Amino acid sequence: MTNRPITTDDAGIPAPSDEHSLSVGPNGPLLMQDHYLIQKMAHFNRERVPERVVHAKGGGAHGFLRITEDVSQFTKAGLFQKGKETPLFLRFSTVAGELGSPDTARDPRGFAIKFYTEEGNYDLVGNNTPIFFIRDPQKFSDFIHSQKRRADNHLRDNNMQWDFWTLSPESAHQVTFLMTDRGIPASWRHMHGFGSHTFLWYNAGGEKFWVKYHFRTEQGIKNYTGAEGAALLVDPDHHIRDLHTAIAAGDHPSWRVNVQIMPFEAAADYRFNPFDLTKVWPHSDYPEITIGTFTLNRNPANYFAEVEQAGFEPSNLVPGIDTSPDKMLQGRLFSYPDTHRYRIGPNYLQLPINQPRAAVNSYNFDGPMTFRNQQDPVYAPNSVNGPAADPSRYEGENYQVAGEIVRSAYTKHAEDDDYVQPRALWENVLSETDREHLVSNIVGHASAPEVTSDMKRRVVEYWSNIHKDLGQGVARGLDLA
Ligand code: NDP
C-alpha cells in the first residue's frame, strides 16, 4: 500500500472498493444494501445546479482592489478610502449562450465583481459595455427570450433578434457597440468593464453624488474580427483558458478603477437622463477620475464551488453607496438575489465564495443547508441584547421622490433621443476601419437565411436612424440600396 489517502464516502467512512459494486456472486445482480454505490449514483444525479438563465457560461478569478486616491469627499464607503486593499472575486461571462457555448460568440460580456469589504459584501454586477439594450425591466425577459432559442425548433434566430431590436429603438446604442469589433473581445483580460448603472455615493457628512464606474483594462483593448471569432468557435473555452493560463503563469491582469461623479442636484436637468441605462455621460461633461486599480492574481481551485456557485447581486451595497432611480437597476435588485435563491438555495450567502468576511448578525434563520450556527434571539425587537440596526449608517436612503403612480416611459431630458449617442460613436469615435467592420458585422448577422426581406428593410431603417452613411452601407450589403 502506498501512502495515498484512503477513499471514503461523504460521511468519512472508508470505501469498500473503487471498482466493484456489491453483487450476488461475481455474475449475479447488485444489492440495494450497497450504500456506497447508491450514494455515488445519487450524488452524481444531483451534481449540477440549474444553469443561470443568462450569463450561464463564464470563468473567474480572485484578486484585490487597491485605492490610491482620496475620494472621501464623495463616499464614506470603507473599501474606497485611500490606501485600502480589499479582496475580490470577478466573474466574466457571455450573456445569451448556455454552459458549454463558445466564448468567442458576439455578445456583451458580464463583468461581475464581489468585494469582500469590512462592511459586508459589495457586488458590482456590470458588463464590458457602459450601456444596455433596454431601460425598463418590464422588457427584460422578452429581450432575453428573443436572443435565445425559439419555442418550436429550439434554434437561435436572427430574425427574432432583429424583430425585438428594431421594435425597441432604445436598443440602438448597445446594438451598435455589440456589432463593432468590441462585440468579440480577444480575451477577458483585454476588455474594459463598466458598472453600467448609475449609483448613489454619499460621504460622512451625508452629501450625495451620482457615480458611474469604468474599469479600464491595463492590458489594452484587443478584439477579434467576426471572421477571427468564428474561426475560434472550435475552442469553446478560449477565454476561460486564456485567463487561467495567464494567471497560472504569474501574468496578473489589472484594471484602472475610474469613476464619473455628478453632483446630486445636477441630475434633474442634465441634458441626458442620467439614470437611463441606454445612455453614457459624455466625458466632456463628466471626465473619468482614477481612484485605484484592481488585479486578478489567483485562479479558482474548484470551478464549481467558486465560479458556478458564485452569486452576485447588485443589491449588495455597503454604507456610502446606494441605489439610484435607474429602473433597470431597480429590477435587478430583485431578480439577482432571487435567481440565486432558486438556483443554489436560500442560504447561498453561507457558501465560502459568497460568504462575507464581515460578521453576519442577521435575523434570517434556518432554511435548507444552513451551517450558520445562529444563536437566540431570532427575532427583533428583543429585550435580550440581540443585534440592533444602526440607521445612521444609511444617509443615502433619505432623498425625496414624488409623483403619481403611473406606467410610463421616463420623462425626456433636453437631448434624450435613442440615436444621438450611437451617432456620436459613429461620427466621433469609430475609425474608418471600425466603421467598415461595424457595417460588415451587421450585414453578416442580418444575412442569416431566417432573416426575411421585410425584416432586412427594417434593419436598414434602424441603422439609417443612427446615420445615413451607416444605413446606406447596410443597405448595400443586404442588396437593398
Ligand atoms: P470620448 O471620445 O470622450 O470617449 C469615447 C469612448 O468610446 C471611450 O471610452 C473609448 O474607449 C470608447 N470607444 C472607442 N472605440 C470604441 C468602439 N469601437 N466601441 C465602443 N466604444 C469605443 O466621447 P464621449 O464621452 O463624448 O462619448 C462618445 C461616444 O463614445 C458615446 O456616445 C458612446 O457611444 C461612446 N462611449 C462613451 C463612454 C462614456 O462613458 N462617455 C464610454 C464608452 C463609449 P477607449 O478609451 O478604450 O478607446
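*Asks:* Please explain the overall build of the protein chain as it appears in this structure.
*Replies:* The helix and strand tally for the protein chain stands at 12 helices and 10 strands. Taken over C-alpha atoms, the radius of gyration comes to 25 Å for the protein chain, in line with the 23 Å a tight globule of 481 residues would show. Overall size of the protein chain, expressed as C-alpha extent along the three principal axes, is 80 × 65 × 50 Å. Here the protein chain holds 481 residues, and 49% of them are scored as buried. For the protein chain, restricting intrachain contacts to residue pairs at least 6 apart in sequence, the fraction spanning at least 24 positions comes to 72%.

*Asks:* In this structure, what is going on with the pairing of strand 3 (residues 109-117)? I would like to understand it.
*Replies:* Walk down a regular strand and you will see the side chains alternate between the two sheet faces. With nine of nine residues buried, strand 3 lies mostly within the body of the structure. The alternating pattern of strand 3 places Arg109, Phe111, Ile113, Phe115 and Thr117 and Gly110, Ala112, Lys114 and Tyr116 on opposite faces, both of which are buried. Sheet topology note: the strand 2 (residues 85-94)/strand 3 ladder contains seven bridges and is antiparallel. Paired with Ser93 across the bridge in strand 3 is Gly110. One ladder, built from eight bridges, connects strand 3 with strand 4 (residues 120-127); its direction is antiparallel. Bridge pairing links Tyr116 to Asn121 in strand 4.

*Asks:* Got a minute to help me understand the packing of helix 4 (residues 172-179) against helix 11 (residues 453-466) in this structure?
*Replies:* Axes are the key here: two packed helices are described by the angle between their axes and the distance separating the axes. At their nearest, the axes of helix 4 and helix 11 sit 11 Å apart, and the two run at 100 degrees to each other. When the axes of helix 4 and helix 11 are compared, the pair comes out roughly perpendicular. From helix 4, Ala172, Val175, Thr176 and Met179 reach across to helix 11, where they touch Tyr462, Trp463 and Ile466. Taken together, the residues that form the contact of helix 4 with helix 11 break down as six nonpolar, one polar and no charged.

*Asks:* I'm lost on the side chain of Arg216 in this one. Help?
*Replies:* Summarising the element assignment, Arg216 is placed in strand 7 (residues 208-217). The class for Arg216 is buried, based on a relative accessible area of 15%.

*Asks:* Explanation requested: the site of the ligand in the structure shown.
*Replies:* Not every one of the 18 residues close to the ligand is listed here, only the nearest: His173, Arg182, His192, His283 and Gln421. Arg182 places a side-chain nitrogen or oxygen 3.1 Å from an oxygen atom of the ligand. Contacts to the ligand include His192, whose side-chain N or O atom sits 2.5 Å from an oxygen atom. Those elements giving two or more residues to the shell around the ligand turn out to be helix 4, strand 7 and helix 9 (420-429).

*Asks:* Explanation requested: the packing of aromatic side chains in the structure shown.
*Replies:* The geometry of an aromatic ring pair is captured by two quantities: the separation of the ring centres and the angle between the planes. Taken as a whole and assessed by the stated rule, the structure comprises 34 aromatic pairs. Members of the aromatic cluster, joined through ring pairs, are Phe80, Phe92, Phe111, Phe115, Tyr122, Trp188, Phe199, Trp201, Tyr213, Phe215, Trp255 and Phe294. Over the ring of Phe312 we find Lys114, and its NZ or CZ is 5.3 Å from the ring centre. Here Lys327 stacks its cationic end above the ring of Tyr410, 4.5 Å away from the centre of that ring.

*Asks:* Would you take a moment to explain helix 10 (residues 432-446) for this structure?
*Replies:* Each turn of an α-helix holds 3.6 residues, which means side chains three or four residues apart point in the same direction. The end-to-end C-alpha distance of helix 10, which contains 15 residues, comes to 21 Å, matching closely the 21 Å that a straight helix rising 1.5 Å per residue would cover. Within helix 10 the residues assigned to the buried category are Arg435, Leu438, Val439, Asn441, Ile442, Val443, His445 and Ala446.

*Asks:* I tried to follow helix 9 on my own but got confused; where do I start?
*Replies:* Looking only at helix 9, the buried set comprises Gln421, Pro422, Leu425 and Trp426. Each buried residue of helix 9 sits inside an arc of 150 degrees when the element is viewed along its axis, so together they form one side. Along its buried surface, helix 9 packs onto helix 4, helix 10, helix 11 and helix 12 (468-477).

*Asks:* Mind showing me how you'd approach the side chain of Glu170 here?
*Replies:* Locating Glu170 in the fold gives a position in the loop between helix 3 (158-166) and helix 4. Taking the relative accessible area as the measure of exposure, Glu170 reaches 9% and is therefore buried. A polar atom in the side chain of Glu170 sits 2.8 Å from the side chain of Lys139. In this structure, Glu170 is in contact with Phe132, Phe133, Ile134, Arg135, Lys139, Thr278 and Asp418, ignoring residues within four places of it in sequence.

*Asks:* Quick question: what am I supposed to make of the environment of Phe275 here?
*Replies:* Following the sequence through the fold, Phe275 ends up in the loop between strand 8 (254-263) and strand 9 (289-298). Dropping the residues within four chain positions of it, Phe275 is found in contact with Thr198, Trp210, Ala267, Ser324, Pro325, Asp326 and Tyr410.

*Asks:* Whenever I open this one, the environment of Pro282 confuses me. Can you help?
*Replies:* Topologically, Pro282 is positioned in the loop between strand 8 and strand 9. Discounting chain neighbours no more than four positions away, the residues touching Pro282 are Gln260, Tyr270, Arg271, Phe272 and Gln421.

*Asks:* Before we go on, may I ask you to explain unusual backbone geometry in this structure?
*Replies:* If a residue is not glycine, its phi is most likely negative; likewise, a peptide bond is most likely trans. The peptide bond linking Asp376 to Pro377 adopts the cis configuration, its omega dihedral lying at 5 degrees. Within the secondary structure layout, Pro377 lies in the loop between helix 8 (327-343) and helix 9. With omega at 0 degrees, the peptide bond leading from Ala380 into Pro381 counts as cis. For Ser196, which is not glycine, the phi torsion reads 65 degrees and is therefore positive. Mapped onto the fold, Ser196 is located in the loop between strand 5 (193-194) and strand 6 (199-202).

*Asks:* Is there a simple way to explain the nonpolar core in this structure?
*Replies:* Considering soluble globular proteins, one finds that nonpolar side chains tend to be buried as a cluster. Within the largest apolar cluster, 39 residues are counted, with the highest numbers of intra-cluster contacts made by Trp162, Trp165, Ile442, Val459, Trp463, Leu470 and Val474. Tallying contributions element by element places helix 11 first for this core, with six residues. With sequence-adjacent residues up to four places away left out, Ile442 is seen in contact with Trp162, Met179, Val459, Trp463, Leu470 and Val474. Among the nonpolar cores identified, the runner-up in size contains 38 residues, and Met191, Phe209, Ile261 and Val318 belong to it.

*Asks:* Honestly, the environment of Val378 in this entry has me stumped. Any pointers?
*Replies:* Here Val378 shows up in the loop between helix 8 and helix 9. Separated by 16 residues in the primary sequence, Val378 and Ser362 have C-alpha atoms spaced 8.7 Å apart. The residues touching Val378, leaving out its near neighbours within four places in the chain, are Tyr363 and Phe365.

*Asks:* Which parts of the structure should I look at to understand the pattern of salt bridges?
*Replies:* Opposite charge on two side chains permits them to pair, given that their charged atoms come into close proximity. Enumeration over the complete set of coordinates arrives at 25 salt bridges. We note a salt bridge from Asp251 to Arg189, for which the minimum N-O separation is 3.5 Å. In this pair, Asp251 is assigned in the loop between helix 6 (238-248) and strand 8 and Arg189 in the loop between helix 4 and strand 5, connecting sequence segments 62 residues apart. By relative accessible area, which is 12% here, Arg189 ends up buried.

The rules behind these values
Residue positions are given per chain, counted from 1 along the sequence in the order it is written. The model is predicted, so local features are restricted to residues of pLDDT at least 70 and side-chain atom pairs to those at 80 or more, both for listing and for counting; the totals for chains, interfaces and linings are taken over all residues. Hydrogens and waters are ignored; side-chain quantities use all the structure's heavy atoms. In this text, helices come from DSSP runs of H or I with a minimum length of four residues, and strands from runs of E with a minimum of two, each type numbered from the N-terminal end. This radius of gyration counts C-alpha atoms alone. The globule rule is 2.2 Å times how many residues there are, raised to the power 0.38. Buried residues are those whose accessible area, probed at 1.4 Å on protein chains only, stays under 20% of the maximum for their type, while exposed residues exceed 50% and partly exposed ones sit between those limits. Contacts between residues were defined by any pair of non-hydrogen atoms, one from each residue, lying within 4.5 Å. Whether two strands pair depends on DSSP finding at least two bridges between them. Helix axes are fitted to C-alpha atoms over the stretch in contact, other axes to C-alpha atoms as well, and angles between N-to-C directions run from 0 to 180 degrees. What sets the label is the angle itself: under 35 degrees gives roughly parallel, over 145 gives roughly antiparallel, 65 to 115 gives roughly perpendicular, and the rest give oblique. Residues are grouped as follows: nonpolar covers Ala, Val, Leu, Ile, Met, Phe, Trp, Tyr, Cys and Pro; charged covers Asp, Glu, Lys and Arg; every other residue, Gly included, is treated as polar. Any residue with a non-hydrogen atom lying within 4 Å of a molecule or strand is treated as near it. Two N or O atoms form a polar contact when they lie within 3.5 Å of each other; inside protein one atom must be a possible hydrogen donor and the other a possible acceptor, and for residues adjacent in sequence the pair counts only when both atoms belong to side chains. Centre distance within 6.5 Å is the pairing criterion for rings of Phe, Tyr and Trp, where only the six-membered ring of Trp is used; planes under 30 degrees apart are then read as stacked, over 60 as edge-to-face, and the remainder as tilted. Remark: a charge is flagged as sitting over a ring if the NZ atom of Lys or the CZ atom of Arg is within 6 Å of the ring centre and within 35 degrees of the ring normal. A helix's residues, less one, multiplied by 1.5 Å, set its expected span. Here the arc refers to the set of directions running from the helix axis out to each C-beta atom. Buried Ala, Val, Leu, Ile, Met, Phe, Trp, Tyr and Cys residues that are joined via side-chain atoms within 4.5 Å together make up what is termed a nonpolar core. Each reported salt bridge corresponds to a side-chain nitrogen of Lys or Arg within 4 Å of a carboxyl oxygen of Asp or Glu.

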